Amino acid sequence: MANAYVAHTAAAIALISLLIGDPVHAGEAHAQAGTQSWAQLSPEQKKILAPLEQEWDRLEPDRRKRWLDLAARYPNLPAERQMRIQQRMHEWASLTPEQRVQARERYKELRKLPPEKRHQLHQRWQEYQRLPEEKRQSLREQRVPGPADPNPRKPGDQPSPR
């Protein structure tokens, strides 16, 4: 609870500093909110953010700040949302650094789409999620290579000699 207080206090100082025209202290206070090491987190924050423990001290301050903000809201979220957050944190923690870069790039590209196109993609994703696992596996095997696979090969293709 004390760490949450420190984070909220730092955010308040940052806001006040910006309002009174003191950008130096505003930046310092904002940065402090995201510089807590894993050891400095409260037991509640550690429990919520447990999937990120191994990489926490290597995260950039802004990313830590975002995770701490989520941890502060987490107890008030519905149980199904909490489960989904935990699942996604576990998935994220299991990605390689390269996969994370790819995921961030895909996210940026999706955010550039018009709202109606994003909605359409979201609906298609929900439909896919409702399919039985066997059908989803079959679709994954039939997947048309996209931008993540710049050198697609069909079954039976041989690599070109160099």
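Please read these numbers as outputs of a predicted model, since none were measured by experiment.

Calculation criteria
- Residues numbered from 1 in each chain as written.
- Predicted model: local features only at pLDDT ≥ 70, side-chain atom pairs only at ≥ 80, totals over all residues.
- Heavy atoms only, no water.
- Core = buried A, V, L, I, M, F, W, Y, C linked by side-chain atoms within 4.5 Å.
- Buried < 20%, exposed > 50% of the residue type's maximum accessible area, 1.4 Å probe, protein only.
- Helix = DSSP H or I, 4+ residues; strand = E, 2+ residues; numbered from the N terminus.
- Contact = heavy atoms within 4.5 Å.
- Phe/Tyr/Trp six-rings, centres within 6.5 Å; stacked < 30°, edge-to-face > 60°.
- Lys NZ or Arg CZ within 6 Å of the ring centre and 35° of its normal.
- Salt bridge = Lys/Arg side-chain N within 4 Å of Asp/Glu carboxyl O.
- pLDDT = per-residue confidence, 0-100.
- Patch = residues over 30% accessible without salt bridge, like charges linked within 9 Å, V, L, I, M, F, W, Y side chains within 5 Å.
- Areas by Shrake-Rupley, 256 points an atom, 1.4 Å probe, with all protein chains shown as cover.
- Lys, Arg positive; Asp, Glu negative; His and termini not counted.
- Charge placed at Lys NZ, Arg CZ, Asp CG, Glu CD.

1. Description of the nonpolar core
Inference 1: Among the nonpolar cores identified, the biggest contains 13 residues, and Leu41, Leu49 and Trp56 are the most heavily contacted of them.
Inference 2: At the level of secondary structure, the elements contributing two or more residues to this core comprise helix H5 (61–73) and helix H6 (79–94).
Inference 3: Per-element tally for this core: the top contributor is H5, with 3 residues.
Inference 4: Those residues within four positions of Leu49 in sequence are excluded, and the remaining contacts are Trp38, Leu41, Trp56, Trp67, Leu68, Ala71 and Met89.

2. Here's the deal with the packing of aromatic side chains
Each aromatic ring pair is summarised here by two numbers: the centre-to-centre distance and the angle between the ring planes.
Inference 1: Within this structure, the stated rule accounts for 2 aromatic pairs.
Inference 2: On the numbers, 6.0 Å between centres and 65 degrees between planes, the contact of Trp38 with Trp56 is edge-to-face. With Trp38 in the loop between helix H2 (23–33) and helix H3 (43–48) and Trp56 in helix H4 (residues 53–56), this residue pair connects regions lying 18 residues apart in the sequence. Each member of the pair Trp38 and Trp56 is classed as buried.
Inference 3: The lysine or arginine in question, Arg136, covers the ring of Tyr128, its NZ or CZ lying 5.9 Å from the ring centre.

3. A short note on the pattern of salt bridges
Inference 1: What the rule picks out here adds up to 7 salt bridges.
Inference 2: Glu109 is paired through a salt bridge with Lys112; the nearest N and O atoms lie 3.4 Å apart. You can see Glu109 and its partner Lys112 sitting in helix H7 (residues 97–112), 3 residues apart, about one turn around the helix.
Inference 3: Using a relative accessible area of 45% as the deciding quantity, one classes Glu109 as partly exposed.
Inference 4: In this structure, Glu133 and Arg136 form a salt bridge, with 3.1 Å as the shortest nitrogen-oxygen distance. One end of the pair is Glu133 and the other is Arg136, both in helix H9 (residues 133–142) and 3 residues apart, which spans about a single turn.

4. Description of the confidence of the model for the protein chain
Caution applies to low-pLDDT parts of the model: their predicted coordinates are not meant to be read in detail.
Inference 1: Predicted confidence across the protein chain gives a mean pLDDT of 77, with 67% of residues reaching 70 or more.
Inference 2: Across the protein chain, H3 holds the top mean pLDDT of 96, while helix H1 (residues 2–19) sits lowest at 46.
Inference 3: Segment residues 1–19: pLDDT under 50, and 21 contacts once partners within four positions in sequence are set aside and those in other chains are kept.
Inference 4: Between residues 149–162, whose pLDDT stays under 50, and residues either more than four places distant or in other chains, the model counts 3 contacts.

5. What to know about a positive patch on the surface
Inference 1: A surface patch of positive charge is lined by Arg73, Arg81, Arg84 and Arg88.
Inference 2: For the positive patch, the element with the most residues is H6, which contributes 3 residues.
Inference 3: Tracing the chain through its elements places Arg81 in helix H6.

6. Observations regarding the side chain of Glu55
Inference 1: Here Glu55 shows up in helix H4.
Inference 2: Leaving out residues up to four positions away in the same chain, Glu55 has contacts with Trp92, Ala93 and Arg100.

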